[in-house]
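A structural walkthrough
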Amino acid sequence: MSSWLDYTINGLIVGNVYALVAVGLALIFGVSRLINFAQGSIYLVGAYIGWVAVVQLHTPLPLTIIVVAASAAVVGLIIERFGLRPLQNSVRIAPLLATIGISFVLDQLVMLTFSPNPRALPSQLPDVRFQVGGGTIGPLDLLIAGVGITSALLLFVFLRYSKLGWAVRATAQDRDAAMQMGVDVNRVNQAVFGIAAALGGVSGMLVGMYYNQIDTAMSLQATLKGVVAEVVGGAGNVPGAVVGSLLLGLVESYGVAVFGTSYRNLFAFLLLVVVLVLRPNGLFASARQAPPEPLTGTFIAPSRPVRIPRWALLAATGIFAILPLFPVSFYVLQTFINAWLLGMLALSLTLVAGTIGQVSLGHAALLAIGAYTSALLSLNFSVPVGLAVIGGGLMSAALGTALISPSFRLRGHYVSIATLAIGEIVSLVILNWESVTRGPIGISGIPPLSLFGYELISPTSIYWFSFAVMIVLALLQGRLLGSHLGRSFRAIRDDDIAARAYGLSLNRYKSLAFIFGGFAAGVSGGIAAHLYSYINHETFNTQQSILALTVVILGGLGNVVGAIVGSVALVGLPELFRIAAEYRILIYGIVLLLLVRFRPQGLLGTM
Amino acid sequence: MSNIDRRSLVKGSLAAMMAGAAFSRAAFAQSSEPILLGVSGPLTGPNAQYGTQWKQGFDLALDEILGAGGINGRKLAYSFEDSQSDPRQSVAIAQKFVSDPRIVMELGDFSSPASMAASPIYQRGGLVQFGFTNSHPDFTKGGDFMWSTSVSQADEQPLLASYAVKRLGLKKLAVLHLNTDWGRTSRDYFTKAAKEYGAEIVVTEGYIAEERDFRSTLVRVRDANPDGLILISYYSDGALIARQARQVGLKQVICAASSVYSPKFLELGGEAVEDVHVGTRYFPEDPRPEVQKFIAGFRKKYNGLEPDAFNAYAYDAMNMAAAVVKIGGADRRAIRDAFTKVKDVPSVIFGTATFDVATRRVKGAMNAELVVRKGQFALWDGKPT
């Protein structure tokens, strides 16, 4: 019994740590309706500034906190001024992509400045421990709890009772109306980003001290857990974020207690999905509260797509079809193979995210389902590879749609977060379901691609195969978009209430979109499995999902040609920047930011 | 680089590839250009730290090789391509190296998904993939161009089990392992050996690489009532577990795999890693000349920095590459064959390394039983802790 007390205390302690990030995220979401993917990077910057202050400058703790808070706030203000403010009149999804780009840039800057080696960040508090239950807690636990709760309370009071706080809430409710009432919206945004960044920086430093360890990989994890905690508490709800964090910590801790350590994150993400499905506005939303997402689909604003004449498309297809006949290196061909595989994934995502408005952040799960199905079919049941890949596509369509269906009733950001969680869940199930997936050992010796008994092993033949599959999928999708189905999809995206009023069954059409998209992604994963010959649970990770979304936004949401152009660009750019070695991801991030800045509707526009 | 690709590339068949290799041999014979090795590894992304450590080890070995006159009078150099340990990028890099006639063999990648996804390309392209950190049991099964000096876990884990069970006298063990292909394989070998030596495994817990918080895991460990904790971890997560174990009041003996052997383990773990036992392949006071040369050279080149296990793997790998290229010249197939001929290459990890031609791996890793005393790794004196 005493163990349960310990699990509870441990859950609260780690929930404490999540709360620091979640509060910052909640604040920004509350005002800008934006999941700030750069919050984790600010947390990282804060940790390293803290390291400089403590280890190099030997500042005492209060001064360290002030220095970190001030510098992180400056970073936040810079992000707001130069990264996000120019985008405020563009599509709502553009700032989301911008924060992803900013987080690339910040993470890379920290890595280049401080090297990727982890560093020790010594705690400046006395090393005394208090016995609680079977374990102990230290002064840092108390400080973290204090900072988390105090900041949440202060923010709550600030939002409720101060004039600027009212302005913040007014802006959150209706930006245009707030502006008409004379609220300086930019000043409000500045204040919010400054506060959130200061908090993010301090939390990175405190967590670094807590573990006596900081490294450049901590940013993405912090964002993921922070987002989960924030949404559980109710997006934009600051005190809710604290409670959500504690709850998340508890669920993880009890999950470990009952099932073991490797199931830990599974419970975190299951909690998220359950909360989203049962109480989409978070645990603490009152029933009367208006949904935080707008009723109509302003998440994806319409824009005029770039019309590409048919002859140009045919010419481009023709040129890429005969590309291997020219003296190009296998390296170039392989890069294009990667682009075509990513293209299939992007086609899938552009359909569900762009055409029907379900912005998925867990699309790599569909790749993984397709890849594992195809690999296992060909290895365990000796199914010919060509058929196995199709089997992978079908399984991905069926299983993917079934998994995502609970989130059909959600809107806007909530779909993204639910799919993010589903993606993580699939990856963790693959890791833990050892009897089928061989767990972390992965599946090796997957036979190479073959078609009608002929093995496709030269890059040239794989190039043609993947290109042909992608073109067929693209043509099918183009046909689909032109049919009454495509019109219904777009109607649902643009105004789901109007669509329903016209008698469209939302769930049925969303399922159809995911079935088609799931098939394309599953085929892509299947081909990749046979191409790589080895896959494990890390092959198709969150970064892939984020990359796919970036491609889709870059190309133009719902735009079939745009998805392919975006894939070529985002596979090609990092390869082109190889000459820049360690700097290439930095350059990639900057290019991404510039593209969002000047083409927020995507290169080819939303369809 | 790309213009060379284009000029020399005859596309299509394997036969054409061989023609490319032949062309490169002819070109090499005349030129005084360095002999180039391709390295595919992470310089950015979540594993970037390991790529950085590889570079340190490579550069030290290359300095020494150059100082000793190079390879038959020619310089040895490498071209490091950043893969982020991502299979999508490592396959592109593989095609790049295979079609670059200047590259005579390849080293890396770091993670199994990235390395083993590229293996078919190296195998078909006839370029040796020398994976010196690839402990996945299936890595060298990718073909006869896959060679590895990674310490086989079938070799290492029984040594650790012997240290924990026979030497330290632990009877009830809690095993915490990274839930990756490496950690999982290691755990299985360790468990098997420990049971043979008569110990009982009371609990095993696998954790993911991004995990930071182990308190709840440690409650499970405590409730299983072990007399020792076995860490199959890297240095950063190993240090975190040790710290949190001491914080929650677990006082059991901790015994860790060689992958924690790094000055960073001491820095990150602080007082908590005092008295932690580590089974390693070498130690600073090791009288073996290759170890002394490595450590002294490393400290000198990197301003007093202490080398760690990954530096040593990379240093050994580069020396092995030099030995192989000395025999095989600049011909890719001859280099593959040279792996079967190369004998007794001085090695920090193995003493002397010779490949077992059947498995394409090296057997017989050295063993040193260390313990952390006063914030330093020291040879264990046999005293209980």
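Residues numbered from 1 in each chain as written. Chains lettered and ligands numbered in written order. Predicted model: local features only at pLDDT ≥ 70, side-chain atom pairs only at ≥ 80, totals over all residues. Heavy atoms only, no water.

With that settled, the discussion passes to the overall build of chain B. Counting its secondary structure elements, chain B contains 13 helices and 16 strands. In terms of overall size, chain B behaves like a compact globule, its C-alpha atoms giving a radius of gyration of 21 Å where 385 residues would be expected to give roughly 21 Å. Seen through its C-alpha atoms, chain B measures out along the principal axes to roughly 65 × 40 × 35 Å. Sequence-distant contacts, at least 24 apart, represent 69% of the contacts inside chain B between residues at least 6 apart. Total accessible area computed for chain B in this model is approximately 12700 Å², and 53% of it derives from carbon and sulfur atoms. (Helix = DSSP H or I, 4+ residues; strand = E, 2+ residues; numbered from the N terminus. Rg over C-alpha atoms; globule rule 2.2 N^0.38 Å. Contact = heavy atoms within 4.5 Å. Areas by Shrake-Rupley, 256 points an atom, 1.4 Å probe, with all protein chains shown as cover.)

Quick look at the overall build of chain A now. In terms of helices and strands, chain A carries 24 helices and four strands. Referenced to the eigenvectors of the C-alpha coordinate spread, the extents of chain A come out at roughly 70 × 55 × 50 Å. A burial count over chain A gives 62% of its 607 residues as buried. A separation of at least 24 residues holds for 79% of the contacts in chain A among residues at least 6 apart in sequence. Surface summary for chain A: the accessible area is close to 22200 Å², and the carbon and sulfur share equals 69%. (Buried < 20%, exposed > 50% of the residue type's maximum accessible area, 1.4 Å probe, protein only.)

The next thing to look at is the confidence of the model for chain A. Mean pLDDT over chain A works out to 86, with 97% of the residues at or above the 70 mark. Per-element mean pLDDT across chain A ranges from 75 in strand β2 (residues 135-137) of chain A up to 95 in helix α14 (residues 364-380) of chain A. (pLDDT = per-residue confidence, 0-100.)

Quick look at the packing of aromatic side chains now. Residues and elements named next belong to chain A. Applying the stated criterion across every chain, the model contains 44 aromatic pairs over all chains. Here F320 and F467 contribute two aromatic rings whose centre-to-centre distance is 6.5 Å and whose plane-to-plane angle is 50 degrees, an arrangement assigned as tilted. Here F320, found in helix α12 (residues 310-321), pairs with F467, found in helix α18 (residues 459-482); they are 147 residues apart in sequence, far enough to count as distant. The ring of F82 is capped by R81, whose NZ or CZ atom sits 5.5 Å from the centre of that ring. (Phe/Tyr/Trp six-rings, centres within 6.5 Å; stacked < 30°, edge-to-face > 60°. Lys NZ or Arg CZ within 6 Å of the ring centre and 35° of its normal.)

Our focus in this paragraph is a nonpolar patch on the surface. All names here are of chain A. The grouping of I322, L325, F326 and W464 at the surface amounts to a nonpolar patch, some 390 Å² of accessible area in total. With respect to the helices, strands and loops of the structure, W464 is situated in helix α18. On the basis of relative accessible area, W464 is assigned to the partly exposed category, the value being 34%. (Patch = residues over 30% accessible without salt bridge, like charges linked within 9 Å, V, L, I, M, F, W, Y side chains within 5 Å. Salt bridge = Lys/Arg side-chain N within 4 Å of Asp/Glu carboxyl O.)

Turning to its location among the elements, K341(B) is positioned in helix α13 (residues 332-341). The sequence separation of K341(B) and V357(B) amounts to 16 residues, and the corresponding C-alpha distance is 9.0 Å.

Residues and elements named next belong to chain A. Put simply, the second largest pocket is a space of about 1000 Å³. Counting residues per element, the ones that place at least two in the lining of the second largest pocket are α12, α18 and α23 (560-576). Of the residues that constitute the lining of the second largest pocket, the class distribution is 21 nonpolar, four polar and four charged. (1 Å grid on protein atoms, 1.4 Å probe; cavity = no way out; pocket = protein on both sides within 12 Å on 5 of 7 lines; lining within 4 Å. Points joined across faces, edges and corners; volume = space filled by probe spheres on them. Nonpolar A, V, L, I, M, F, W, Y, C, P; charged D, E, K, R; others polar.)

Right, let's talk about the sheet that holds strand β15 (residues 368-373) of chain B for a bit. In a beta sheet, neighbouring strands pair by backbone hydrogen bonds and run either parallel or antiparallel. Residue and element names in this part refer to chain B. What the seven strands build is an open sheet, ordered β7-β6-β8-β9-β10-β15-β16; its pairing is mixed. Each end of this open sheet is capped by a strand with a single partner; those strands are β7 (200-207) and β16 (376-379). Adjacent strand axes in the sheet meet at a mean angle of 25 degrees, parallel and antiparallel pairs treated alike. As paired strands, strand β10 (residues 277-280) and β15 are joined by four bridges and run antiparallel to one another. Within the sheet, the bridge partner assigned to V278 lies in β15 and is L370. Running over the sheet, helix α8 (residues 215-224) touches β6 (172-178), β7 and β8 (228-232) and is turned about 175 degrees from β7. (Pairing = 2+ DSSP bridges. Axes fitted to C-alpha atoms, helices over the stretch in contact; angles between N-to-C directions.)

For the rest of this paragraph, the subject is the pattern of salt bridges. Overall, the coordinates contain 33 salt bridges over all chains when judged by the stated rule. With a closest N to O distance of 3.4 Å, R281(B) and E156(B) form a salt bridge. Here R281(B), found in the loop between β10 and α11 (289-301), pairs with E156(B), found in helix α6 (residues 153-167); they are 125 residues apart in sequence, far enough to count as distant. Taking the relative accessible area as the measure of exposure, R281(B) reaches 4% and is therefore buried. By relative accessible area, which is 3% here, E156(B) ends up buried. In the salt-bridge network here, residues are joined through shared partners; they are K225(A), E252(A), R264(A), E211(B) and D213(B).

Residues and elements named next belong to chain B. At their nearest, the axes of α6 and helix α7 (residues 181-196) sit 8 Å apart, and the two run at 50 degrees to each other. Our classification of the angle between α6 and α7 gives oblique. For the pair α6 and α7, the crossing hand works out as right-handed. When α6 is examined against α7, the residues Q153, A154, Q157, P158, L160, A161 and V165 are found in contact with a partner set consisting of W182, S186, Y189, F190, A193 and A194. A class-by-class count of the residues in the contact of α6 with α7 yields 10 nonpolar, three polar and no charged. (Parallel < 35°, antiparallel > 145°, perpendicular 65-115°, else oblique. Left-handed = near helix turned anticlockwise from the far one by under 90°.)

Residue and element names in this part refer to chain B. An ideal rise of 1.5 Å per residue puts 16 Å on 12 residues; helix α4 (residues 87-98) measures up with 16 Å between its terminal C-alpha atoms. Where burial is concerned, most of α4 is hidden: 12 out of the 12 residues are buried. Of the residues making up α4, those classed as buried are P87, R88, Q89, S90, V91, A92, I93, A94, Q95, K96, F97 and V98. Its side-chain oxygen at 3.0 Å from the backbone nitrogen of R88, D86 defines the N-terminal cap of α4. (Expected span 1.5 Å × (residues − 1). Polar contact = N/O pair within 3.5 Å; in protein donor to acceptor, adjacent residues only side chain to side chain.)

So, on to the interface of chain A and chain B. Between chain A and chain B, the residue contacts involve 74 residues of the former and 68 residues of the latter. For the pairing of chain A and chain B, the buried interface totals around 6200 Å² over both sides, and the portion due to carbon and sulfur atoms is 51%. In this structure, the connection of chain A to chain B is made through seven salt bridges. As a salt-bridge pair, R184(B) and E434(A) come within 2.3 Å of each other at their nearest N and O atoms. Linking chain A with chain B are 28 residue pairs in polar contact (both at pLDDT 80 or more). Counting residues per element, the side of chain A that touches chain B draws most heavily on helix α1 (residues 2-32) of chain A, which supplies seven residues. (Buried area = accessible area lost by both parts, 1.4 Å probe.)

Residue and element names in this part refer to chain A. With their axes 5 Å apart at the nearest point, helix α5 (residues 139-161) and helix α6 (residues 163-173) run at an angle of 85 degrees to one another. Judged on the interaxial angle alone, α6 and α5 are roughly perpendicular. When α5 is examined against α6, the residues F158, L159, R160 and Y161 are found in contact with a partner set consisting of K163, L164, G165, W166, V168 and R169. Across the contact of α5 with α6, the residue classes break down as six nonpolar, one polar and three charged.

Residues and elements named next belong to chain A. You can read the domains of chain A as domain 1 (2-278) and domain 2 (310-598). If you look at the interface, domain 1 gives 36 residues, while domain 2 gives 33 residues. Of all residues in domain 1, I93, L97 and L276 give up the largest surface area on contact with domain 2, accounting jointly for 18% of the area buried on that side. Scanning the region where domain 1 abuts domain 2 turns up zero salt bridges. Counting residues per element, the ones that place at least two in the side of domain 1 that touches domain 2 are α4 (93-114), α9 (218-233) and α11 (264-278). With 13 residues, α4 is the largest single contributor of residues to the side of domain 1 that touches domain 2. (Domains from an automatic or database assignment.)

Right, let's get into the sheet that holds strand β5 (residues 146-147) of chain B. Residues and elements named next belong to chain B. Spatially, β2-β1-β3-β4-β5 is the arrangement adopted by the five strands of the open sheet, whose pairing is parallel. Two strands close off the open sheet at either side, each with one partner strand: β2 (76-82) and β5. The pairing of strand β1 (residues 35-41) with β2 spans seven bridges and is parallel. Within β2, the position partnered with G41 by the bridge is D82. Relative to the sheet, α4 contacts β1, β2 and β3 (103-108), its axis offset from that of β2 by approximately 145 degrees.

Another aspect to go through is the nonpolar core. Ranked by internal contacts, the top residues of the largest apolar core, which has 329 residues, are L37(B), F58(B), M105(B), F130(B) and F190(B). Among all residues touching F190(B), those that are not within four sequence positions of it are Q157(B), L160(B), A161(B), L173(B), V175(B), I201(B), I230(B) and I232(B). (Core = buried A, V, L, I, M, F, W, Y, C linked by side-chain atoms within 4.5 Å.)

This part takes up the domain arrangement of chain B. Residues and elements named next belong to chain B. According to the domain assignment, chain B contains domain 1 (2-151 + 293-353) and domain 2 (153-280 + 368-379). Just the C-alpha atoms count here: the centres of domain 1 and domain 2 sit 32 Å apart. Contacts between the two partners involve 15 residues from domain 1 and, on the opposite side, 12 residues from domain 2. Interface area, domain 1 with domain 2, both sides summed: about 1100 Å², of which 54% is carbon and sulfur. Where domain 1 meets domain 2, there are five residue pairs in polar contact (both at pLDDT 80 or more). Breaking the side of domain 1 that touches domain 2 down by element, the ones donating at least two residues are α3 (48-67) and α12 (309-328). Along the lines of polarity and charge, the residues of the side of domain 1 that touches domain 2 split into eight nonpolar, five polar and two charged.

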